[in-house]
Amino acid sequence: MGIKRIGKHLLLNRWRVRRAFPRQALANIEKAIKTSEASHAGQIRFAVEGALDGRPLFKDQPARDRAIDVFSELRLWDTVDRNGILIYLLIADRDVEIVADRGISEKVVQTDWEKICRIMEAEFRAGNYEGGVLKGIAAATQLLAKHFPAAGKHPNELPDEPVVL
């Protein structure tokens, strides 16, 4: 665990998350998720965390492991067809992770999700947080529509609003 990482996490305040994702940006992301889910049978959640604190930070938890924890906390595995994905952003590490449930992982390989993460991270480096998330949702939508096309009426099993941790 590096002192530099600890410092970044301890100094990143919640206001920085609100600055990167003001209320209107979160509303636009929610709308994009709602629109996305109309074109496929998957379920998308977006969660943003400014920085780790407490145990995750001092255990030097990688963003991927934290994303898996958040996936579980948000109960994304609690869908009938195991078709949930989490797009997780840890701002302090400038790291995006996409965690997919088993039903999706059987058809979509991790490298496809990693490509989407890199696209989003490039936008974030340019300061375009909302645009980066919207591009990520659009790219995930293409993958999900290809492998899990909408067939008839499918219920919205998970909330669409972004989660700010």
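Since we're looking at a predicted model, the values are computed, not measured. Along each chain, residues carry numbers from 1 onward, in the same order as the chain's sequence is written. Predicted model: local features are reported for residues with pLDDT of at least 70 only, side-chain atom pairs are reported and counted for 80 or more only, and whole-chain, interface and lining totals are derived from all residues. Water and hydrogen atoms were dropped before computing side-chain values, which therefore reflect all heavy atoms in the structure.

1. Quick notes on unusual backbone geometry
Of note in the backbone geometry, Arg 75 takes a positive phi value of approximately 60 degrees without being a glycine. Accessible area is worked out with a 1.4 Å probe on protein chains only. A residue is then buried under 20% of its type maximum, exposed over 50%, and partly exposed in between. We classify Arg 75 as partly exposed; its relative accessible area is 42%. If you check the backbone angles, Arg 94 has positive phi at about 50 degrees while not being a glycine. Starting at the N terminus, helices and strands are each numbered in turn, a helix being any DSSP run of H or I of at least four residues and a strand any DSSP run of E of at least two. You can see Arg 94 is positioned in the loop between strand S2 (84-90) and strand S3 (95-100). Assessed through its relative accessible area of 61%, Arg 94 is described here as exposed.

2. A few points about the nonpolar core
By size, the foremost hydrophobic cluster in this structure holds 34 residues, and its most contacted members are Phe 21, Phe 46, Ile 85, Ile 87, Leu 89, Ile 91 and Trp 113. Where this core is concerned, the elements lending two or more residues are helix H2 (14-20), helix H3 (23-37), strand S1 (43-49), S2, S3, helix H7 (110-125) and helix H8 (129-147). At seven residues, the largest contribution of residues to this core is made by H8. By definition, residues are in contact when any of their heavy atoms lie within 4.5 Å. In this view, Trp 113 contacts Ile 85, Ile 98, Ala 100, Ile 104, Val 108, Ala 140, Leu 143 and Leu 144; residues no more than four positions away in its chain are not counted. The next biggest cluster of nonpolar side chains, apart from the first, holds 14 residues, and it includes Ala 47, Val 70, Leu 76 and Val 163. Put simply, buried Ala, Val, Leu, Ile, Met, Phe, Trp, Tyr and Cys residues joined by side-chain atoms within 4.5 Å make one nonpolar core.

3. Observations regarding the pairing of S2
Across the seven residues of S2, seven count as buried, placing the element largely inside the fold. Residues of S2 alternate between two faces, with Gly 84, Leu 86, Tyr 88 and Leu 90 on one and Ile 85, Ile 87 and Leu 89 on the opposite face, all of them buried. Two strands pair under a simple rule: DSSP has to find at least two bridges between them. The pairing of S1 with S2 spans seven bridges and is classified as parallel. Across the sheet, residue Glu 49 finds its bridge partner in S2, namely Leu 90.

4. Side note on H7
A helix's residues, less one, multiplied by 1.5 Å, set its expected span. Between the first and last C-alpha of H7 there are 22 Å, a value that for 16 residues agrees with the 22 Å anticipated at 1.5 Å per step. Those residues of H7 not exposed but buried are Trp 113, Ile 116, Cys 117, Met 120, Glu 121, Glu 123 and Phe 124. One side of H7 carries all its buried residues, which in axial view fall inside an arc of 155 degrees. Seen from the buried face of H7, the exposed residues on the opposite side, beyond 90 degrees, are Lys 115 and Arg 125. If you follow the buried residues of H7, they end up packed against S2, S3, helix H6 (102-105) and H8. Just beyond H7, the residue with positive phi is Gly 127, at close to 85 degrees. Here, the arc refers to the directions that run from the helix axis to the C-beta atoms.

5. So, a positive patch on the surface
Put simply, a patch holds well-exposed residues, over 30% relative accessible area, that have no salt bridge, with like charges counted together within 9 Å and Val, Leu, Ile, Met, Phe, Trp or Tyr side chains within 5 Å. Note that accessible areas follow from Shrake-Rupley with a 1.4 Å probe, and for residues the cover is restricted to the protein chains shown. Just to be clear on terms, a salt bridge is a Lys or Arg side-chain nitrogen sitting within 4 Å of an Asp or Glu carboxyl oxygen. Under the convention used here, Asp and Glu are negative, Lys and Arg are positive, and both His and the chain ends fall outside the count. To locate a charge, take atom NZ for lysine, CZ for arginine, CG for aspartate or CD for glutamate. A surface patch of positive charge is lined by Lys 4, Lys 8, Arg 94 and Arg 125. Assignment of secondary structure puts Arg 125 in helix H7. In this structure Arg 125 comes out as exposed when scored by relative accessible area, which is 59%.

6. Here's the deal with the pattern of salt bridges
For the structure on display, the rule yields seven salt bridges. For Arg 64, the salt bridge identified is with Glu 97, shortest N-O distance 3.4 Å. In this pair, Arg 64 sits in helix H5 (residues 63-73) while Glu 97 sits in strand S3, placing the two residues 33 residues apart along the sequence. By sharing partners, the salt bridges in this structure join Glu 49, Arg 66 and Glu 73 into a single network.

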